[in-house]
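Architecture at a glance
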Amino acid sequence: MRTVNRRHVLGGMAAAFGSRLIGAAHGAAPVALLNASYDPTRELYEMVNKSFTAHWLAQTGQPIEIRQSHGGSGKQARAIIDGLQADVATLATAYDINEICRQGKLIPQNWASRLPNNSAPYTSIIVFLVRRGNPKNIRDWGDLTRPGVGVITPNPKSSGGARWNYLAAWAWALRQNGGSNATAQAYVEQLYQHVPVLDSGARGATVTFVDRGIGDVLLAWENEALLAKNQLGPDKVEIVFPSISILAEPPVTVIDKVVDHRGTRAIAEAYLNFLYTRECQRLIAQNYYRPCDPATAAEFAARFPQVRLVTIDDAFGGWDKAQAAHFDDGGSFDQIYGQ
Amino acid sequence: MSTPAVAIPLADGPTKRRSRSGFRVLPGFGLTLGCTITYVSLLVLVPLSAAFVRTAELGPRKFLQVVTTPRVLASLELSFGASLLAAVINGVFGFIIAWALVRQRFPGRRLFDAIIDLPFALPTAVAGIALTALYAPNGWIGQLLAPWGIKVAYTRLGVVVALAFVSLPFIVRTLQPVLGELDREVERAAETLGASRLQTLMWVVLPSVWPALLTGIALGFSRAVGEYGSVIFIAGNIPKVTEIAPLMIMTKLEQYQYSQATAIAVVMLVSSFALMLGINGLQIWAQGRRRAR
């Protein structure tokens, strides 16, 4: 009797699951948008999505659902190229979205010019997260290569955030007295000698530093550092702003082939435009990303100190050049560990 | 002598009639064979051959170049070495666990028996996170080991620990039924004939469980070689030190180098297959020797 019951239950579960699978394939569910994003934006988009679905319902009377998918920026781009039906991509670097254009041919080449601010509705910078009281007295990039300092940063081959870290370090070394590509190379090589764990994504690196207690300093997105500090309390970690950092501009785009196929272009475009509204810019600032709207930026000025920033276009001639010089096979990063 | 016609069932009248008369040894032979071929093709053969097709884009020279870079070689060495070590360690402890579960009666035995299956059921990422939390220098176990200078998380030892975790049930579950069927009378007979406990174990018990033990180790090993989810959390992923081959594949994929990724996959596939064949051969040899005696 017991076994028969169990079999019924299992059968029922299987049938329910099967019908859901088939149901999804037929698109029987209400309109759902998929946002494929990078690692540390979970909290941000949870709030944005809630706000936007309410907005859209009030405006059009249509209930929608926005699903989020998070992972390393490169991994997400690859998933989209391989056929993940993401309506919008909100990734860590323009390079990853360029690849969606180049490899997947899913978006037009001029994708970045379709939205204001190079399609980057928010920006961030790279900062240092150190342990309470900054016991190793880490103030600037030069302190990271002192003996006995452990640095946590993810693998730039797989993590968009790590690429920003790497380029920020490179930019600092270039701007030192007598700085050249050779001294910058020597500096990053030294820097990675101090990295005990190479996680594949930014969130993983945060966990390694914060929860596992590995290393003395975490190179992180400002948003990730502020989030960690806020969740853990200032008695656990502190943020150090280095003398030079890089302005990270995580871009967003509609995936044209997907939205045209699914008929979701109107919602997807409204969703991305919503990111630039005052309401959403404030959500963005509350989630520790630097808003691109000047009025919102002024309102939250106390939260985001002024730091001397380089941009990827000025310092490296754009993402494609930076990628080729540093992160492609045989690039400067490969010279650290050898191929 | 008149049976060969039965082996190849054709959908014509006479065969059907003959099968109804109970003459057929394997009922539904055609149907099951068809199912097997279709299912295995769809799930295993076609996806795997896609890896080979993709790799073929590289050409032989580039292929060799990709798979013999020091980083790839180091990762392959780590993946196969750590998996083998984990499987062998589990061979010893899995045997002891299986023995205890089959032979001993102790409180909580059923619970322990069920716990063995956890690595099957648990998402391996969860296991990886849990193991890392335990073995990190600030974790429960890591804290105890740190004063002795033993580091587990973020070292090669951590990789072995994670692989031992995922491969344990394969060895225990393969051994259990075989140990259960062992005839205790034979052990008693050995005892009455004056064999010591060690002699009984070496010359009576082990020879009969040897093939199952090998199978278990082989299964555990092959499970460990492909493991990704749990290892990336505990390994530290430093190139040439704690970077496993599956992570190397993932890294290549994330750089949009599909054919290079599949090239490493092909090397893993072929090596695993060769190893499995070798172990199978060993097993057949062991069985043959047992029968010969």
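Residues numbered from 1 in each chain as written. Chains lettered and ligands numbered in written order. Predicted model: local features only at pLDDT ≥ 70, side-chain atom pairs only at ≥ 80, totals over all residues.

**Considering the overall build of chain B**
- Per the secondary structure count, chain B includes 15 helices and 0 strands.
- In terms of overall dimensions, chain B is more spread out than a globule: its C-alpha atoms have a radius of gyration of 24 Å, far above the 19 Å expected for 293 residues.
- Considering only contacts within chain B whose residues lie at least 6 apart along the sequence, 76% involve residues at least 24 apart. (Helix = DSSP H or I, 4+ residues; strand = E, 2+ residues; numbered from the N terminus. Rg over C-alpha atoms; globule rule 2.2 N^0.38 Å. Contact = placed C-beta atoms within 7 Å.)

**A look at the environment of L145 of chain B**
Residues and elements named next belong to chain B.
- Relative to the helices and strands, L145 resides in helix α9 (residues 140–145).
- Of the residues examined, L145 has 16 C-beta atoms within 10 Å and is grouped as partly exposed.
- Between the alpha carbons of L145 and A245 there is a distance of 28 Å; along the sequence they are 100 residues apart.
- Excluding its chain neighbours within four sequence positions, the residues that come into contact with L145 are I150 and V152. (Buried ≥ 20, exposed ≤ 12 C-beta atoms within 10 Å, placed from the backbone.)

**Focus: the interface of chain A and chain B**
- At the junction of the two partners, chain A supplies 20 residues and chain B supplies 19 residues.
- For the side of chain A that touches chain B, the element with the most residues is helix α3 (residues 73–81) of chain A, which contributes 3 residues.
- Its residues assigned to classes, the side of chain A that touches chain B shows 5 nonpolar, 9 polar and 6 charged. (Nonpolar A, V, L, I, M, F, W, Y, C, P; charged D, E, K, R; others polar.)

**Thoughts on the packing of helix α5 (residues 70–103) of chain B against helix α14 (residues 245–254) of chain B**
Residues and elements named next belong to chain B.
- Direction vectors running N to C along α5 and α14 enclose 140 degrees, while the axes themselves pass 7 Å from each other. Here α5 is positioned oblique relative to α14, judged by the angle of their axes. Taken together, the residues of α14 that come into contact with α5 (itself represented by V72, S75, L76 and S79) are A245, P246 and M248.
- Among the residues making up the contact of α5 with α14, the classes are represented as 5 nonpolar, 2 polar and no charged. (Axes fitted to C-alpha atoms, helices over the stretch in contact; angles between N-to-C directions. Parallel < 35°, antiparallel > 145°, perpendicular 65-115°, else oblique.)

**Some details on the domain arrangement of chain B**
All names here are of chain B.
- When its domains are assigned, chain B resolves into domain 1 (25–56) and domain 2 (59–292).
- Placing the centre of domain 1 and that of domain 2 at their C-alpha centroids yields a distance of 27 Å.
- Across the contact, 5 residues belong to domain 1 and 8 residues belong to domain 2. (Domains from an automatic or database assignment.)

**Here's the deal with the confidence of the model for chain A**
- For chain A, the mean per-residue pLDDT works out to 90, and 91% of the residues sit at or above 70.
- Below a pLDDT of 50 lies the segment residues 23–28 of chain A, which in the model reaches 3 contacts outside its immediate sequence neighbourhood of four places, other chains included. (pLDDT = per-residue confidence, 0-100.)

**A few points about helix α3 (residues 29–56) of chain B**
- Taking the largest bend as the criterion, α3 of chain B deviates by roughly 50 degrees, centred on S41 of chain B.
- Little of α3 of chain B sits inside the fold, with 1 of its 28 residues counted as buried. (Bend = angle between axes of the 7 residues up to and from the residue.)

**Quick notes on the environment of L76 of chain B**
Residues and elements named next belong to chain B.
- Note on placement: L76 falls in helix α5.
- Note on L76: 20 C-beta atoms within 10 Å, which makes it buried.
- With 192 residues separating them in the primary sequence, L76 and M268 have C-alpha atoms 7.6 Å apart.
- If we skip the residues at most four places from it in the chain, L76 touches A245 and V267.

**Considering the sheet that holds strand β1 (residues 32–37) of chain A**
Residue and element names in this part refer to chain A.
- Pairing within the open sheet is mixed, and its 4 strands lie in the order β2-β1-β3-β9. Only two strands of the sheet have a single neighbouring strand rather than two, namely β2 (65–70) and β9 (252–254). With strand direction ignored, the average angle separating the axes of adjacent strands in the sheet is 20 degrees.
- The pairing of β1 with strand β3 (residues 88–90) spans 3 bridges and is parallel. Of the residues in β3, the one forming a bridge with N35 is V88. (Pairing = 2+ DSSP bridges.)

**Examining unusual backbone geometry**
- Positioned with a positive phi, N137 of chain A is a non-glycine residue whose angle comes to about 50 degrees.
- Relative to the elements of secondary structure, N137 of chain A occurs in the loop between β4 (122–131) and β5 (151–152).
- By the C-beta count within 10 Å, which is 12 here, N137 of chain A ends up exposed.
- The backbone of K240 of chain B sits at a positive phi, close to 70 degrees, despite the residue not being glycine.
- Position of K240 of chain B among the secondary structure elements: in the loop between α13 (231–235) and α14.

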